[in-house]
Amino acid sequence: MAVAVRPILRIGDPRLRQVSDPVDDFDTPELHELIRDMFDTMAAAEGAGLAAPQIGVLKRIMIFGIESSSRYRDVEAVPTTVLINPEFEVLDEVRQGFWEGCLSVPGMRGYVERPAGIFYRGLDQYGEPIERSAEGFHAIVFQHEYDHLDGILYPDRLEDTTKFGFVDELAAAGIS
């Protein structure tokens, strides 16, 4: 099967600011093709997650998963997941901070604080339910991708804009 890498929209594209629509039809050839393309695209870009709006598909679909990454060293593994029409609730109000990056905001990082523990649910591409508790990097990745479904990018979550910049400059300054 051929690899299909789709273009990733970048910050400034108005489609990234739209709220995505729910998925109504599961286990279709079109949905399976979209999810394959999303995984191919995420792998080619060395991402930890990808939401359908990032490739111009305004549907409530997100994928994520990581064993190890050159972009995010020293993070725990996150299970490879397809999640459609997700919902979540906060289990732990304590906030954890992390230097986030985004395939739609290339070459930049920002320090974002998010709830440390969550419980999420949704459906896979076959319409089967998925429910999990998540904490640490897993919770961050989920919340980051979930934001994309509502037209939110991580720079919108910055509380301190001095903790936002290009990866190379932040590293040279010993900040990130």
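Structure shown above.
## Examining the overall build of the protein chain
Each helix and strand in the protein chain was counted, giving three helices and six strands. Computed over C-alpha atoms, the radius of gyration of the protein chain comes to 16 Å, within 12% of the 16 Å expected from 2.2 N^0.38 for 176 residues, which places it in the range of a compact globule. Counting all 176 residues of the protein chain, 49% fall into the buried class. Taking contacts inside the protein chain between residues at least 6 apart in sequence as the whole, the part at least 24 apart equals 69%. For the protein chain, the computed accessible surface area is about 8800 Å², with 49% contributed by carbon and sulfur atoms. Of the side chains in the protein chain, 16 bear a positive and 31 a negative charge, and the two mean positions are spaced by 5 Å.

## Concerning the environment of isoleucine 11
Inspection of the secondary structure puts isoleucine 11 in the segment before helix H1 (29–44). Overall, the relative accessible area of 41% leaves isoleucine 11 in the partly exposed class. Distance from isoleucine 11 to leucine 153, taken between C-alpha atoms, is 8.0 Å for residues 142 residues apart in sequence. Those residues within four positions of isoleucine 11 in sequence are excluded, and the remaining contacts are Leu16, Arg17, Ser104, Val105, Leu153 and Pro155.

## Focus: the packing of aromatic side chains
Per the counting criterion, the structure on display carries nine aromatic pairs. Taking 6.5 Å as the distance between ring centres and 90 degrees as the angle between the ring planes, the aromatic pair formed by phenylalanine 64 and phenylalanine 142 counts as edge-to-face. One end of the pair, phenylalanine 64, is in strand E2 (residues 61–66); the other, phenylalanine 142, is in helix H2 (residues 136–149), with 78 residues separating them in the sequence. This pair shows no difference in class: phenylalanine 64 is buried, exactly as phenylalanine 142 is. Note on phenylalanine 88 and tyrosine 146: the rings are 5.0 Å apart at their centroids and 80 degrees apart in plane angle, and the pair reads as edge-to-face. On the criterion of sequence distance, the pair formed by phenylalanine 88 in strand E3 (residues 78–102) and tyrosine 146 in helix H2 is long-range, its members being 58 residues apart.

## Quick look at the pattern of salt bridges
Going through the model one piece at a time under the given rule, you end up with ten salt bridges. Put simply, arginine 60 and aspartate 150 hold a salt bridge, and the shortest N to O gap is 3.1 Å. With arginine 60 in the loop between strand E1 (49–51) and E2 and aspartate 150 in the loop between H2 and strand E6 (164–166), this pair connects stretches of sequence that are 90 residues apart. For aspartate 150, a relative accessible area of 26% gives the class partly exposed. Glutamate 87 serves as the salt-bridge partner of arginine 121, at 3.6 Å between the closest nitrogen and oxygen. With a gap of 34 residues between them, arginine 121 in strand E4 (residues 105–123) and glutamate 87 in strand E3 connect regions that are remote in the sequence. Overall, the relative accessible area of 25% leaves arginine 121 in the partly exposed class. Three or more residues are tied together by salt bridges with common partners; here these are Glu100, Arg114, Asp147 and Arg157.

## A closer look at the nonpolar core
Ranked by size, the top nonpolar core spans 20 residues in total, and within it Met62, Phe64, Leu83, Ile118, Tyr120, Phe137 and Phe142 carry the most contacts. Those elements that place two or more of their residues in this core are E2, E3, E4, strand E5 (129–135) and H2. Tallying contributions element by element places H2 first for this core, with seven residues. Ignoring sequence-local partners within four residues, the contact set of leucine 83 consists of Arg60, Ile61, Met62, Phe64, Tyr120, Arg121, Gly122, Leu123, Ile130 and Phe142. If you look at the next biggest cluster of nonpolar residues, it comprises 15 residues, including Leu31, Ile55, Val57 and Ile84.

Here is what the cut-offs are and how they apply
Residues numbered from 1 in each chain as written. Predicted model: local features only at pLDDT ≥ 70, side-chain atom pairs only at ≥ 80, totals over all residues. Heavy atoms only, no water. Helix = DSSP H or I, 4+ residues; strand = E, 2+ residues; numbered from the N terminus. Rg over C-alpha atoms; globule rule 2.2 N^0.38 Å. Buried < 20%, exposed > 50% of the residue type's maximum accessible area, 1.4 Å probe, protein only. Contact = heavy atoms within 4.5 Å. Areas by Shrake-Rupley, 256 points an atom, 1.4 Å probe, with all protein chains shown as cover. Lys, Arg positive; Asp, Glu negative; His and termini not counted. Charge placed at Lys NZ, Arg CZ, Asp CG, Glu CD. Phe/Tyr/Trp six-rings, centres within 6.5 Å; stacked < 30°, edge-to-face > 60°. Salt bridge = Lys/Arg side-chain N within 4 Å of Asp/Glu carboxyl O. Core = buried A, V, L, I, M, F, W, Y, C linked by side-chain atoms within 4.5 Å.

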